[in-house]
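# Architecture and fold: a report
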Amino acid sequence: MESVLSKYENQITIFADYLEEFPDTDELVWILGKQHLLKTEKSKLLSDISARLWFTYRRKFSPIGGTGPSSDAGWGCMLRCGQMMLAQALICRHLGRDWNWERQKEQPKEYQQILQCFLDRKDCCYSIHQMAQMGVGEGKSIGEWFGPNTVAQVLKKLALFDEWNSLAVYVSMDNTVVIEDIKKMCHTLPLSAETAAESPPESLNASTQSDELIFLDPHTTQTFVDTEENGTVDDQTFHCLQPPQRMNILNLDPSVALGFFCKEEKDFDSWCSLVQKEILKENLRMFELVQKHPSHWPPFVPPAKPEVTTTGAEFIDSTEQLEEFDLEEDFEILSI
């Protein structure tokens, strides 16, 4: 019994510190579509936060492109945020939103596969190497800071080479989500469904008294972690066991990317209904939702995987070298 208590002593201490960080109120807290009653469910809330994959600056990984930086400290924060957003989509896709991570407990094989997609290696499909080099096609030099739009475009491109997850990534144009285009794109790609679909919340109403945001901060530099000999990854540094960060929503930078994951068409239909009910009724809304492709826009063409051609730049997925390619559209909101 003593050894068991010792095993979880640090986690219990950390959670005790967490509990003091939150006010004692009757307000609901939403974490990625799941609600918690702050007054009575603080432990569940904090467990939910710590279960999210947390990607931060890293150092001592192999130089990007062979001769580039071996750390993304100071420039990779937005890329790490993009990784976190996409990783959460993959968790929902393979494990479901209700799946929870527990420290020092064996995890499903799908969890390890997801984590390995984001390791800081050139052969991992969503690594800092892949994202930085794909950003060259968006006009960003390796080691240059990305904005939310660039991250969205890069993830959209890299997803075309991700056969395991089979994601259709849609990035909206002019802050307008077009239902017709999304359905056209998803019906074109061979998507698979392996877990139960996630239902969106019935309401998105937030408190007008304190609409604070809880967030995971990527601005911490940790040492590169690679796959171990047994094929697994030591994931202790990929989960935030520190007190979660909070900020007033009024301090949020207006340049943001919003990510939504819809596993099946019925989930997307439910999301559209929810947006029309809760978001579009507001006078100042972050984005628009329309049924038909606007007639004054260029025709919508679903993204397609380009032909593989060897070039001077490295874009590697598994053992392939991928040629950088450009898209001319300018998008700002990411829907996954």
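Residues numbered from 1 in each chain as written. Predicted model: local features only at pLDDT ≥ 70, side-chain atom pairs only at ≥ 80, totals over all residues. Heavy atoms only, no water.

Looking at an unreviewed UniProt entry, one finds the protein chain named Cysteine protease, with Monodon monoceros as its source organism. UniProt, in its Function (unreviewed entry) section for the protein chain, records the words "Cysteine protease that plays a key role in autophagy by mediating both proteolytic activation and delipidation of ATG8 family proteins." One UniProt comment on the protein chain, placed under Subcellular location (unreviewed entry), says "Cytoplasm". (UniProt positions renumbered as here; feature names shortened; annotations may be inferred.)

### What to know about the state of the cysteines
Inspection of the entire model under this criterion finds 0 disulfides. With no disulfide of its own, Cys117 has Cys125 as its nearest cysteine by sulfur position, at a separation of 3.8 Å. As a non-bridged cysteine, Cys272 has Cys262 as the owner of its nearest cysteine sulfur, 7.3 Å distant. Given a relative accessible area of 5%, Cys272 falls into the buried group. (Disulfide = S-S within 2.5 Å. Buried < 20%, exposed > 50% of the residue type's maximum accessible area, 1.4 Å probe, protein only.)

### Comments concerning the packing of helix α4 (residues 77-94) against helix α5 (residues 109-116)
Running from amino to carboxyl end, α4 crosses α5 at an angle of 155°, the nearest separation of the two axes being 10 Å. For the element pair α4 / α5, the angle class is roughly antiparallel. The element α4 and its partner α5 pack so that their crossing is right-handed. Contacts from Ala87, Leu90, Ile91 and His94 in α4 reach Glu110, Tyr111 and Ile114 in α5. Grouping the constituent residues of the contact of α4 with α5 by class yields 5 nonpolar, 1 polar and 1 charged. (Axes fitted to C-alpha atoms, helices over the stretch in contact; angles between N-to-C directions. Helix = DSSP H or I, 4+ residues; strand = E, 2+ residues; numbered from the N terminus. Parallel < 35°, antiparallel > 145°, perpendicular 65-115°, else oblique. Left-handed = near helix turned anticlockwise from the far one by under 90°. Contact = heavy atoms within 4.5 Å. Nonpolar A, V, L, I, M, F, W, Y, C, P; charged D, E, K, R; others polar.)

### A few points about the environment of Tyr57
Take Tyr57: it is sitting in strand β3 (residues 57-59). Residue classification places Tyr57 among the buried positions, given a relative accessible area of 8%. In this structure the C-alpha to C-alpha distance between Tyr57 and Phe224, which are 167 residues apart in sequence, comes to 9.1 Å. Excluding residues that lie within four positions of it along the chain, Tyr57 makes contacts with Asp72, Ala73, Gly74, Trp75, Gly76, Cys77, Arg80, Pro218, His219, Thr220, Thr221 and Gln222. A polar contact is formed between the side chain of Tyr57 and the backbone nitrogen of Gly74, at a distance of 3.4 Å. (Polar contact = N/O pair within 3.5 Å; in protein donor to acceptor, adjacent residues only side chain to side chain.)

### A few points about α5
Inspection of α5 places Tyr111, Gln112, Ile114 and Leu115 among the buried residues, and these make up the whole buried set. Down the axis of α5, the smallest arc covering the buried residues is 160°, so these residues share one side. Considering only its buried residues, α5 is in contact with α4. (Arc of directions from axis to C-beta.)

### Focus: the nonpolar core
Within the largest apolar cluster, 54 residues are counted, with the highest numbers of intra-cluster contacts made by Leu53, Phe55, Tyr111, Phe118, Tyr126 and Phe238. If we ignore the near neighbours within four places in the chain, the residues touching Phe238 are Arg52, Leu53, Trp54, Phe55, Arg58, Leu115, Leu119, Val225 and Val233. Within the second largest apolar cluster, 17 residues are counted, among which are Ala168, Ile179, Phe287 and Leu289. (Core = buried A, V, L, I, M, F, W, Y, C linked by side-chain atoms within 4.5 Å.)

### With respect to the pattern of salt bridges
Counted under the stated rule, the structure contains 20 salt bridges. Between Glu138 and Lys157 there is a salt bridge; the shortest N-O distance is 2.7 Å. Within this pair, whereas Glu138 is found in the loop between α6 (128-134) and α7 (148-159), its partner Lys157 is found in helix α7, the two being separated by 19 residues in sequence. Assessed through its relative accessible area of 1%, Lys157 is described here as buried. Taken together, the salt bridges that share partners define one network made up of Asp48, Arg52 and Arg97. (Salt bridge = Lys/Arg side-chain N within 4 Å of Asp/Glu carboxyl O.)

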